[in-house]
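Inside the fold
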Amino acid sequence: MQYMTHYTSPLGEITLASDGKAIIGLWFDGQKYDRSILLPEFQERELPIFTETKKWLDAYFAGKEPNFTPALALDCSPFRTEVLQILMDIPYGKTITYGEIAKELAKKRGLAKMSAQAVGGAVGRNPISLIIPCHRVIGANGSLTGYGGGIQRKLALLKLEKVNMEKLFVPKKGTAL
């Protein structure tokens, strides 16, 4: 059985999903691929894992780096799991490029190179937003690109974490932030 609840954040409503023991999904409502991992039948219910995750979200949206991570359960391909593990290692308040992730994966796998576009596809399907910080991934040129929750949310999340925004920009406008 899968379970679901909701959280009201300063950036919009968030849906949380669980298998009863761990978080399996966390999305801004309406974001690309939201709820894509949910089964047709689920129950809306408050669970201890949701209470813990809401405490994490409360700390995060208060501008603090949470000092714990709720239990997470990923059900995805080995490649996506590897990408998501790298995302979890991105420090609070820092960014990394898709290309840097691709280089790290290539090195781990003993390959000469790996596609940054393949990495982008895996990042874009992150089922546990915020806790697995896909918003910290940027384009090689500093562009704020590729966030399923929307570029304005990505911008707000990076500002909340006090990321140095000096060299980052929104691609469509082409202006520095």
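Residues numbered from 1 in each chain as written. Predicted model: local features only at pLDDT ≥ 70, side-chain atom pairs only at ≥ 80, totals over all residues. Heavy atoms only, no water.

1. Considering the packing of aromatic side chains
What counts is decided by this rule: Each Phe, Tyr or Trp ring, with Trp reduced to its six-membered ring, pairs with another whose centre is within 6.5 Å; inter-plane angles below 30 degrees give stacked pairs, above 60 give edge-to-face pairs, and intermediate values give tilted ones. Numbering goes from the N terminus for both helices and strands, where a helix is a DSSP run of H or I of at least four residues and a strand is a run of E of at least two. Here the term buried applies to any residue with accessible area under 20% of the maximum for its type, exposed to any over 50%, and partly exposed to those in between, with areas from a 1.4 Å probe on protein chains only.
Evaluated as defined, the whole model comprises four aromatic pairs. Consider the rings of Tyr7 and Phe61, whose centres lie 6.3 Å apart with planes at 20°: the pair is stacked. One end of the pair, Tyr7, is in strand S1 (residues 3-9); the other, Phe61, is in helix H1 (residues 48-61), with 54 residues separating them in the sequence. In this pair, the class of Tyr7 matches that of Phe61, namely buried. With centroids separated by 5.4 Å and ring planes inclined at 85°, the aromatic side chains of Tyr60 and Phe61 adopt a geometry described as edge-to-face. Just as Tyr60 is buried, Phe61 falls in that class too. An aromatic cluster is defined as three or more aromatic residues linked by ring pairs; in this entry it consists of Tyr7, Trp56, Tyr60, Phe61 and Tyr92.

2. Here's the deal with unusual backbone geometry
One non-glycine residue, Leu130, adopts positive backbone phi at about 70°. Tracing the chain through its elements places Leu130 in the loop between helix H4 (116-124) and strand S6 (137-138). Given a relative accessible area of 1%, Leu130 falls into the buried group. Look at Lys162: it is not a glycine, yet its phi comes out positive at around 60°. With respect to the helices and strands, Lys162 occurs in the loop between helix H5 (151-160) and strand S7 (169-170). By relative accessible area, Lys162 is classed as exposed at 67%.

3. Description of the pattern of salt bridges
Where charged atoms from two side chains of opposite charge come close, those side chains can pair. Going by this rule: We define a salt bridge as a side-chain nitrogen of Lys or Arg found within 4 Å of a carboxyl oxygen belonging to Asp or Glu.
Evaluated as defined, the whole model comprises four salt bridges. One salt bridge connects Glu46 with Lys54, and the closest N-O pair in it is separated by 3.0 Å. Note that Arg109 and Glu82 form a salt bridge whose closest N and O atoms lie 2.4 Å from each other. Of the two residues, Arg109 is situated in helix H3 (residues 98-109) and Glu82 in helix H2 (residues 78-88); the sequence distance between them amounts to 27 residues. For Arg109, a relative accessible area of 38% translates into the label partly exposed.

4. Some words on the side chain of Thr5
Under the convention used in this document: Between N or O atoms, a polar contact is any pair within 3.5 Å; within protein, one atom must be a potential hydrogen donor and the other a potential acceptor, and residues adjacent in sequence are included only when both atoms are from side chains. Contact criterion: two residues are considered in contact whenever any of their non-hydrogen atoms come within 4.5 Å of each other.
Following the sequence through the fold, Thr5 ends up in strand S1. Thr5 gets classed as buried once you look at its relative accessible area, which sits at 5%. Among the polar contacts made by the side chain of Thr5, one reaches the side chain of Glu46 at a distance of 2.3 Å. Each residue touching Thr5, except ones within four places of it in the same chain, is listed here: Ile14, Thr15, Leu16, Arg45, Glu46, Phe50 and Lys54.

5. Describing the side chain of Lys54
Here Lys54 shows up in helix H1. According to the relative accessible area criterion, Lys54 is buried, its value standing at 18%. Among the polar contacts made by the side chain of Lys54, one reaches the main-chain carbonyl oxygen of His6 at a distance of 3.2 Å. When near neighbours in sequence (up to four residues on either side) are disregarded, Lys54 contacts Thr5, His6, Tyr7 and Glu46.

6. Description of the packing of H2 against H3
Counted only if it meets this: Comment: axis = line fitted to C-alpha atoms, over the contacting stretch for helices; angle = value between 0 and 180 degrees taken between N-to-C directions. If an angle is under 35 degrees, it is roughly parallel; if it is over 145, roughly antiparallel; if it lies from 65 to 115, roughly perpendicular; otherwise it is oblique. It is the rotation of the near helix from the far one that decides the hand of a crossing: anticlockwise by less than a right angle makes it left-handed, clockwise makes it right-handed. Residue type decides the class: Asp, Glu, Lys and Arg count as charged, Ala, Val, Leu, Ile, Met, Phe, Trp, Tyr, Cys and Pro as nonpolar, and the leftover types, Gly among them, as polar.
It is the contact of H2 with H3, at a shortest axis distance of 11 Å, that shows an interaxial angle of 120°. The angle between H2 and H3 places the two elements in the oblique class. For the crossing formed where H2 meets H3, the hand is right-handed. Along the contact surface, H2 presents Phe79, Glu82, Val83, Ile86 and Leu87, while H3 presents Ile101, Glu104, Leu105, Lys108 and Arg109. Broken down by class, the residue content of the contact of H2 with H3 amounts to six nonpolar, no polar and four charged.

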